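This is what each chain is made of:
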Amino acid sequence: MAIKNLERVITPSGKHYVGDGFLVHNIIPGSQGLSMQRISPFIMMDYNAPHYFSPSNTPKGVGVHPHRGFETVTIAYKGKVEHHDSSGGGGVIGEGDVQWMTAASGVLHKEFHEKEWSKKGGDFQMVQLWVNLPAKDKMSPPKYQSITQAQMGKYHLSNHGGVIEVIAGQYNGITGAASTFTPVHLLNVRMKTGGKAEFSFPNKYNTALLVLEGSITVNDKDTVPANNFALFKNDGETFFIEAIKNAIVLVLSGEPINEPIAHHGPFVMNTKEEIMQAFEDFNMGKFGYLE
Ligand code: MN
């Protein structure tokens, strides 16, 4: 199988607040060359690099807002997030856990630092990824998958090199916990210094990785340090990474959804008319109610 080479390494630029609880780099689609089409089905990635939040009796976060047409995937690395939505779903995303919310036809939700965590404050590190839905599934019913670290499939690397947590898709026969609408592989790789891992995905799948801690080399030639994002070319299938020092790496690969994208704020549909319909439905209260 041919080697999948890196296209480029992206050092995220400026940060901004989402609400008052998430201080994020918008990597997708904010970085040049990372349009929603280029890296479909991953259409948005906000990365809250490690940031200390001081203790607060009023939890910080984002108040009630709608989504339609896609899924939001929240991965908590440090800190805890409490979530509530208008379909009655809710819960706490603890450290190491993932929340996979299918907004689809529409939900209202809110995302805040968990109450007790907020009182103590601490280091906060989080990824939110939006995974697009194909036209035929955009108006399917909302659902919610709460995936704890313990529920994830795990693959142990050779020579005690670390572990790969399979959030979605599969790795070397280990299947992920999340169900997805289109083929998506989402892997959390926790590696010890010197640990090595090989990956293989169809060349047409859009593939990238985010280094959350430590530093790695890709294919023995490119170095990707912490808080950097690396985009692969669609030229081959196989690549390998090695940890230069203890590393945490999020690997994402998915089959592109080759459909038109119409995007406005919290809505991602196929046409402008569908976006207008989303605003109308939202204004009419058709997304439900959430205090
Ligand atoms: Mn949201």
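This write-up is about the structure you can find in this document. Note that the structure is predicted; figures quoted are calculated from it, not measured.

## Side note on the pattern of salt bridges
Under the criterion given, the structure shown has eight salt bridges. Two residues, Arg38 and Glu7, come together in a salt bridge whose shortest N-O distance is 3.0 Å. Residue Arg38 is found in the loop between strand E3 (22–28) and strand E4 (42–53), and its partner Glu7 is found in strand E1 (residues 6–10); the two are separated by 31 residues along the sequence. Salt bridges linked by common partners bring Arg68, Asp281 and Lys286 together as one network.

## Digging into the nonpolar core
Membership of the largest hydrophobic core comes to 32 residues, with the highest contact counts inside it found for Met45, Trp100, Leu186, Phe229 and Leu250. When residues in this core are grouped by element, the largest group, four residues, is from E4. Those residues within four positions of Leu186 in sequence are excluded, and the remaining contacts are Val73, Ile75, Trp100, Leu129, Glu165, Val166, Ile167, Ala168, Leu250, Val251 and Leu252. Core analysis: the second largest hydrophobic core is formed by 24 residues, Ile164, Val218, Phe239 and Ala247 among them.

## Some words on the side chain of Gln99
Structurally, Gln99 is set in strand E9 (residues 98–102). With relative accessibility at 2%, the residue Gln99 sits in the buried group. For Gln99, the contacting residues outside a window of four places in its chain are Thr72, Val73, Thr74, His83, Ile93, Tyr144 and Gln145.

## As for the coordination of the manganese ion
Within the protein, the manganese ion binds to His65 (NE2), His67 (NE2), His109 (NE2) and Glu111 (OE); these donor distances fall in the range 2.1 to 2.6 Å. Donor residues for the manganese ion sit on one chain with the sequence pattern H-x1-H-x41-H-x1-E. Each member of the pair, His109 as well as Glu111, carries the same accessibility label: buried.

## Observations concerning the sheet that holds E3
Read from one edge of the open sheet, seven strands run E2-E3-E4-E11-E6-E9-E12, paired in antiparallel fashion. The two strands at the open ends of the sheet, each matched to only one other strand, are strand E2 (15–18) and strand E12 (143–147). On average, each strand axis in the sheet is inclined to that of its neighbour by 25°, with strand direction left out of account. With eight bridges joining them, strand E6 (residues 70–78) and strand E11 (residues 122–132) adopt antiparallel strand pairing. Bridged to Phe70 within E11 is Asn132.

## Describing unusual backbone geometry
Of note, the bond from Ile28 into Pro29 is cis; its omega dihedral lies within 30 degrees of zero at -5°. Tracing the sequence through the fold places Pro29 in the loop between E3 and E4. For the bond running from Ser40 to Pro41, omega is 15°, close enough to zero to count as cis. Summarising the element assignment, Pro41 is placed in the loop between E3 and E4. With a phi close to 65°, Asn227 is a non-glycine residue in the positive phi region. Note that Asn227 resides in the loop between strand E20 (222–225) and strand E21 (229–232).

## Focus: the packing of aromatic side chains
The full count for this structure, using the stated rule, is 13 aromatic pairs. Between Tyr155 and Tyr171, the aromatic rings sit 5.1 Å apart at their centres with planes inclined by 70°, giving edge-to-face as the arrangement. Of this pair, Tyr155 sits in strand E13 (residues 153–156) while Tyr171 sits in strand E15 (residues 170–171), and the two are 16 residues apart along the sequence. Where Tyr171 meets Phe199, the ring centres are 5.4 Å apart and the plane angle is 55°; that geometry is what we call tilted. Here Tyr171, found in strand E15, pairs with Phe199, found in strand E18 (residues 196–200); they are 28 residues apart in sequence, far enough to count as distant. Comparing Tyr171 with Phe199 shows no difference in burial state: the two are buried.

## Considerations on the environment of Leu34
For Leu34, the location among the structural elements is in the loop between E3 and E4. Residue Leu34 is classed as buried on the basis of its relative accessible area, which comes to 0%. Spatially, the C-alpha atom of Leu34 lies 8.5 Å from that of Leu231, the residues being 197 residues apart in sequence.

## Things to note about helix H2 (residues 272–283)
It helps to recall that an α-helix has 3.6 residues per turn; residues three or four apart then point in one direction. For H2, with twelve residues, the first-to-last C-alpha span of 17 Å sits near the 16 Å given by 1.5 Å per residue. Turning to H2, its buried residues are Ile275, Ala278 and Asp281. On an axial view of H2, the arc spanned by its buried residues comes to 125°, and they lie on one face. Turned more than 90 degrees away from the buried face of H2 sit Lys272, Glu273, Met276 and Asn283, all of them exposed. In this structure, the buried residues of H2 make contact with strand E23 (262–264) and strand E24 (267–269).

Conventions adopted
- Residues numbered from 1 in each chain as written.
- Predicted model: local features only at pLDDT ≥ 70, side-chain atom pairs only at ≥ 80, totals over all residues.
- Heavy atoms only, no water.
- Salt bridge = Lys/Arg side-chain N within 4 Å of Asp/Glu carboxyl O.
- Helix = DSSP H or I, 4+ residues; strand = E, 2+ residues; numbered from the N terminus.
- Core = buried A, V, L, I, M, F, W, Y, C linked by side-chain atoms within 4.5 Å.
- Buried < 20%, exposed > 50% of the residue type's maximum accessible area, 1.4 Å probe, protein only.
- Contact = heavy atoms within 4.5 Å.
- Donors = N, O, S within 2.8 Å, 3.2 Å for Na, K, Ca; no water.
- Pairing = 2+ DSSP bridges.
- Axes fitted to C-alpha atoms, helices over the stretch in contact; angles between N-to-C directions.
- Phe/Tyr/Trp six-rings, centres within 6.5 Å; stacked < 30°, edge-to-face > 60°.
- Expected span 1.5 Å × (residues − 1).
- Arc of directions from axis to C-beta.

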